[in-house]
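Read off the chains here:
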Amino acid sequence: MVKEKSGKGKWHRLLHDEQFKMIMAFVFTVMAVFMTVAFVSYFFTWKADQSVAEFSQIRDHQSFRAENWMGKLGAWISFKMITNGFGVASFFIPLILLVLGFRLLKIKLLPLGWTLKTSLVGMPLLSLLFGFFLGHTSGFLGSGFGGAHGIGMSNWLTSLVGWFGAFILLLLLTFVFLTFAFGGFFGWFKRTGKSICRSLQRAKDTRTKTSGKPAGKSEPRPRDVENPIETGDDNTGDDETGDDDIEFEVETTLSGDRPQEADNDEVRLIINKQDDKFSRDNDYQMDDLTALGKYDPTLDLSHYRMPPLDLLKDYPSADSLVSNEELVNNKNRIVETLRNYKIEIDKIKATIGPTVTLYEIVPAAGVRISKIKNLENDIALSLSALGIRIIAPMPGKGTIGIEVPNMHPEIVSMRSIIESPRFQNAAMELPVALGKTISNEPFVFDLTKMPHLLVAGSTGQGKSVGLNAIIASILYKKHPSQVKLVMVDPKSVEFSSYEKLEHHYLAKLPDAEEAIIIDTQKVIYTINSLCIEMDTRYSLLKDAGVRNIKEYNTKFIERKLNPNLGHRFLPYIVLIIDEYADLMMTAGKEIEMPIARLAQKARAAGIHLIIATQRPTTNIITGVIKANFPARIAFRVISQIDSRTILDQSGANQLIGRGDLLFTSGGDLTRVQCAFIDTPEIEEITRFIGNQQGYPTALLLPEYSADDNAEPKDVDLSKRDALFEEAARLIVIHQQGSTSLIQRKFSIGYNRAGRLMDQLEAAKIVGPNEGSKARQVLFSDEAALDKYLNKISQDNANQ
């Protein structure tokens with residue numbers, strides 16, 4: 001068995017050796033060229049080289065002279081392949097060799113699999129066709145174009161089914177082969193037939209219009225119909241607009257991206273499988289931890305179940321249809337308005353969304369874009385609609401977009417987004433399902449890629465529903481051990497339903513009575529506590545030799561990090577602040593500066609911010625905040641100034657409200673209809689989670705007090721901390737004067753660890769604070785430290 005495996009290994013190495021591949025590529029290419037030249041030459045020299053049939057019996061090879069360009073060997077191969085073989089179809093053989101040779105050189109001349117299948121099927125079929133239709137062809141090439149194989153198979157087939165039967169059968173085989181090999185023949189016939197029918201229909205419509213007959217009224221158009229409407233004729237009879245020369249196309253998509261029949265248990269199983277973002281394929285080892293296997297952060301709540309989809313409502317959209325009449329009327333009014341200002345267009349394409357339809361127009365040559373952009377109010381007046389928005393030009397397209405609200409908008413349910421394959425199969429760390437785009441596709445993004453989110457909009461435009469949709473996405477996707485939420489609610493009513501999640505998803509200060517933060521002073525403490533947590537996490541990342549939280553957790557799960565040295569599994573932390581304007585009015589810089597610090601640095605540490613406000617003014621959304629929040633969501637606002645404050649451009653003031661929003665992550669704007677999730681649905685979800693077994697407490701953030709950043713006062717060494725000597729030994733052993741090291745090793749709060757560091761500085765064991773650098777350790781070994789500690793103890797005893 002050992003020898004057999006060794007032999008297989010040698011063959012495997014040989015077949016993957018680059019030099020061997022190069023040699024074989026050269027051999028195959030030379031063979032292909034040799035056979036091609038020999039075959040071509042045989043067309044001219046086949047009569048002179050007929051005696052090659054006895055070539056193997058000729059003893060005196062010198063007496064035989066071949067006229068073939070490739071000599072005796074070329075003449076013999078050509079005779080065997082063409083005359084005694086497949087005739088002209090033998091050219092498939094050098095083609096296979098050539099494609100194989102080029103593939104070994106990593107040059108894709110033709111698809112290798114397609115070439116092999118086509119050649120192996122086409123060579124005998126082509127030989128048979130030549131043999132049947134051309135026969136011996138007066139003895140050309142000795143046995144005609146089909147070779148001996150073609151003549152023999154043709155005679156056998158004719159004797160079996162007769163000449164006419166063989167003719168029909170060969171035609172059928174030829175059609176099947178061409179469809180199999182080249183595809184597209186069915187598509188070509190289909191496109192040709194459609195083109196003819198369309199031409200006939202246009203001619204008929206032209207005759208109808210000439211005779212003065214009115215066009216019929218169109219029926220409502222369901223969203224799952226994909227046949228384009230090529231018309232400027234199906235209008236209501238306004239011939240003076242001259243729309244006949246304009247091509248009108250309607251593009252629709254399925255209103256739902258959900259599975260046709262999805263059992264809730266199966267969907268929940270899919271979601272649960274997606275939660276396990278840490279694969280178990282690799283088998284890493286670590287001394288003293290090998291037998292334990294990989295660490296599973298979900299074991300503490302191993303019986304936790306994700307909320308079922310039944311808790312979410314499904315709003316039907318049967319009444320939310322856009323009829324052909326509405327589409328054509330809007331198209332005609334747009335064209336008429338533009339023509340009133342002498343602007344001609346060549347084509348209009350309509351894309352139907354849940355609440356808005358996008359009309360993409362292709363202007364005629366010479367039309368200036370700014371001229372159309374300036375007609376925004378005129379088009380809105382002609383359509384008698386609010387929320388008209390012109391995108392000139394469309395990003396990545398040579399068109400101009402006009403967004404027009406639908407007469408009967410559709411309610412996008414949160415359930416339809418959560419159960420969509422795009423959300424279920426999202427390979428993201430923190431996927432957020434926001435709603436549907438203008439093309440009816442679920443809009444899902446990764447919060448860790450943003451990495452922070454600014455949400456703004458006037459009162460009653462859907463901002464609170466949007467925040468609930470973001471939170472619900474996280475609750476339906478992540479296990480409580482993988483993400484924690486810090487919620488700030490100055491109004492005291494927006495996030496009250498989430499109090500039930502305290503022992504599962506929430507994080508708070510150690511001394512906080514409620515997990516939902518209401519008091520402004522506690523908000524300041526909490527945000528500064530997150531800054532301390534961020535610094536602690538960066539120390540852990542540095543010690544682990546990784547760059548971000550994802551790499552750190554992967555390493556921890558594989559047990560490459562020792563928990564005895566302070567390492568732990570780090571969940572993502574999402575800080576959600578509602579009514580940020582109220583906090584800025586009461587706290588100002590005390591809130592803005594730590595938030596700016598988190599926004600600048602917290603991404604790699606796994607801390608992400610979502611800030612919402614209903615007053616998007618420059619004194620609330622300052623330049624410091626905007627610079628660190630590239631991802632922004634804008635619901636409808638009142639003025640263009642507010643829109644520019646949020647998005648740096650207009651557009652949010654032209655939305656129609658009720659969840660209509662614009663999303664940007666630093667690039668182009670995307671219009672989205674936010675998914676609707678009602679308060680009873682939120683209560684059902686939180687009740688389902690809260691009734692399950694949870695952690696003893698919420699995740700406790702580091703301690704923080706207002707005097708943490710003050711200069712250290714005089715320290716009384718007679719009142720040393722109980723951990724003073726152990727902390728001193730830890731610092732000397734590691735030769736690192738770090739407060740976070742003391743905090744991790746002894747599992748204490750940041751305040752106590754800071755007081756210990758002040759005592760060590762007063763005892764001259766470590767040097768003074770040097771900013772971001774670690775303090776200098778003044779003792780090089782533990783023996784010297786022990787003598788010094790004994791001296792301090794004796795001095796205190798004498799006092």
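In the block above lies the structure referred to throughout.
What counts and how
Residues numbered from 1 in each chain as written. Predicted model: local features only at pLDDT ≥ 70, side-chain atom pairs only at ≥ 80, totals over all residues. Heavy atoms only, no water. Helix = DSSP H or I, 4+ residues; strand = E, 2+ residues; numbered from the N terminus. Buried < 20%, exposed > 50% of the residue type's maximum accessible area, 1.4 Å probe, protein only. 1 Å grid on protein atoms, 1.4 Å probe; cavity = no way out; pocket = protein on both sides within 12 Å on 5 of 7 lines; lining within 4 Å. Points joined across faces, edges and corners; volume = space filled by probe spheres on them. Pairing = 2+ DSSP bridges. Axes fitted to C-alpha atoms, helices over the stretch in contact; angles between N-to-C directions. Contact = heavy atoms within 4.5 Å.

Draft legend 1. Layout of unusual backbone geometry. Omega for the peptide link from Met 450 to Pro 451 comes to 0 degrees, which places this bond in the cis form. Mapped onto the secondary structure, Pro 451 falls in the loop between β9 (442–446) and β10 (453–456). Although it is not a glycine, Asn 440 sits at a positive phi angle of roughly 70 degrees. Summarising the element assignment, Asn 440 is placed in the loop between β8 (431–437) and β9. Taking relative accessible area as the criterion, Asn 440 reaches 3% and is therefore assigned buried. Positive phi outside glycine occurs at Gln 735, with the angle close to 50 degrees. Take Gln 735: it is sitting in the loop between α22 (724–734) and α23 (739–746). Gln 735 gets classed as partly exposed once you look at its relative accessible area, which sits at 40%.

Draft legend 2. Molecular detail of the layout of surface pockets. Taken as a whole, the second largest pocket encloses approximately 790 Å³ of empty space. If you trace the second largest pocket, you find 26 residues lining it, with Arg 568, Phe 569, Pro 571, Leu 699 and Leu 700 closest to the centre. At the level of elements, α15 (520–544), β18 (699–700) and α23 are the ones that each hand at least two residues to the lining of the second largest pocket.

Draft legend 3. Quick peek at the sheet that holds strand β16 (residues 660–664). Across the sheet, which stays open at both edges, the 9 strands sit in the order β9-β8-β17-β16-β15-β10-β14-β13-β11 with mixed pairing between neighbours. In the strand order of this sheet, the two ends are held by β9 and β11 (483–488), each with one partner. On average, each strand axis in the sheet is tilted by 30 degrees relative to the strand beside it, whichever way the strands run. Direction of pairing for β10 relative to strand β15 (residues 631–635): parallel, over a ladder of 4 bridges. Within β15, the residue paired with Leu 453 across the bridge is Ala 631. Where α15 meets the sheet, it contacts β11, β13 (572–577) and β14 (607–613), and its direction lies at approximately 155 degrees from that of β13. Contacting β13 and β14, helix α18 (residues 589–601) runs over the sheet at an angle of about 130 degrees to β14.

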